[in-house]
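# An overview of the molecular structure
Each chain, letter by letter, is given below.
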Amino acid sequence: MYSESLLIAACAMVAIAMITAATLKAWQGWLALKARELESRKPDGEIGNPSGMARIEIADLKERIRKLEAIAAGVDL
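Scope of this entry: the structure provided in the associated data block. (Residues numbered from 1 in each chain as written. Predicted model: local features only at pLDDT ≥ 70, side-chain atom pairs only at ≥ 80, totals over all residues. Heavy atoms only, no water.)

### With respect to the overall build of the chain
Using the following cut-off: Helix and strand assignments come from DSSP, with helices taken as H or I runs of at least 4 residues and strands as E runs of at least 2, each series counted from the N terminus. Only the protein chains shown count as cover for residues, and all accessible areas are computed by the Shrake-Rupley method using a 1.4 Å probe.
Per the secondary structure count, the chain includes two helices and zero strands. On the chain, roughly 7,200 Å² of surface is accessible, and the fraction owed to carbon and sulfur atoms is 68%.

### Description of the pattern of salt bridges
Our working rule: One side-chain nitrogen of Lys or Arg within 4 Å of one carboxyl oxygen of Asp or Glu is enough to make a salt bridge.
With the rule as written, the count across this model stands at two salt bridges. With a closest N to O distance of 3.4 Å, Glu 37 and Lys 34 form a salt bridge. Residue Glu 37 and its partner Lys 34 are located together in helix α1 (residues 2-41), separated by three residues, close to a single helical turn. Here Glu 63 ties to Arg 66 by a salt bridge, and the two come within 2.6 Å at their closest N and O atoms. Here the residue Glu 63 and the residue Arg 66 both occupy positions in helix α2 (residues 51-73), the gap between them amounting to three residues, near one helical turn.

### Points about α2
Rule in force here: A helix is expected to span 1.5 Å for every residue after the first.
Helix length check: α2, at 23 residues, gives a terminal C-alpha distance of 33 Å against a target of 33 Å (1.5 Å per residue), a fit within 8%. Gly 74 occupies a position one or two residues after α2 and carries a positive phi of about 85°.

### Focus: a nonpolar patch on the surface
The condition is simple: Within the patch definition used here, like charges are joined within 9 Å and nonpolar side chains (Val, Leu, Ile, Met, Phe, Trp, Tyr) within 5 Å, considering only residues with over 30% relative accessible area and no salt bridge. Any residue under 20% of the maximum accessible area for its type is buried, any over 50% is exposed, and the rest in between are partly exposed; the area is computed with a 1.4 Å probe on protein chains only.
A cluster of nonpolar side chains, contributed by Leu 24, Trp 27, Trp 30, Leu 31 and Leu 33, occupies part of the molecular surface with about 510 Å² of accessible area. Take Leu 33: its relative accessible area is 37%, and that puts it in the partly exposed class.

The following block contains the structure:
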């Protein structure tokens, strides 16, 4: 009696473990797919290119210098 119940419980646990493992594998695959989709949506200049950010900062600094020079020259902006 007890051995039959134990066997059924063990089989149920194994089945649950198999279903859980398959679901986890599918979830990881779906996440990998979504990550690839996000990577493909990035423009070419944004894929690991830190020089784009540096160019923005340099342009910002140039603009600030231009404004400071205009203030020093007495020109209203």
